[in-house]
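Summary of the model geometry
Letter by letter, the chains look like this.
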Amino acid sequence: MTSKTYRLLGPDGAFYDSVTSGLFGGHAKQRIYGRLDCRAAARALAKGDTYRRRRVFFADEASAIAAGYRPCAICLPTQYRAWRITAG
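Note that the coordinates shown come from a computational prediction; the quantities given were computed from them, not determined experimentally. (Residues numbered from 1 in each chain as written. Predicted model: local features only at pLDDT ≥ 70, side-chain atom pairs only at ≥ 80, totals over all residues. Heavy atoms only, no water.)

1. A short note on the sheet that holds strand E4 (residues 32-35)
Read across the sheet, four strands follow the order E5-E3-E4-E6 without closing on themselves; strand pairing throughout is mixed. The outermost strands of the open sheet, each flanked by one partner alone, are strand E5 (55-58) and strand E6 (70-71). Bridge analysis of E4 against E6 gives two bridges, and the strand direction is parallel. Among the inter-strand pairings, Tyr-33 is bridged to a residue of E6, identified as Pro-71. (Pairing = 2+ DSSP bridges. Helix = DSSP H or I, 4+ residues; strand = E, 2+ residues; numbered from the N terminus.)

2. Digging into the packing of aromatic side chains
Inspection of every chain in the model, using the stated rule, returns three aromatic pairs. Aromatic side chains Phe-24 and Tyr-33 sit 5.9 Å apart centroid to centroid with 80° between the ring planes, which places their arrangement in the edge-to-face category. Since its relative accessible area comes to 14%, Phe-24 is described here as buried. With a relative accessible area of 1%, Tyr-33 lands in the buried category. Positioned above the aromatic ring of Phe-15, the side-chain terminus of Arg-7 is 3.8 Å from the ring centre. The cationic tip of Arg-70 hangs over the ring face of Trp-83; the distance from NZ or CZ to the ring centre is 5.6 Å. (Phe/Tyr/Trp six-rings, centres within 6.5 Å; stacked < 30°, edge-to-face > 60°. Buried < 20%, exposed > 50% of the residue type's maximum accessible area, 1.4 Å probe, protein only. Lys NZ or Arg CZ within 6 Å of the ring centre and 35° of its normal.)

In short, shape yes, function no, at least from these values alone.
Dropping the structure here:
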């Protein structure tokens, strides 16, 4: 019996398989990441397949940041404000 694997995006921007699901989701074109229960992402996913095709997952927040993604302003407002300050 094979175990389920999840395709995650690593800190180097390369995909890899993991037996543990990701804790954060993101959008590859927008270069944004957030919580899996983000209402903005849920709304975008409900609109159609366009958002879903570019959906990526991260093992943790550090991996998303290292891969060059920014935090979501809706579900991660504190992290987003801090990012805005450093992004200039």
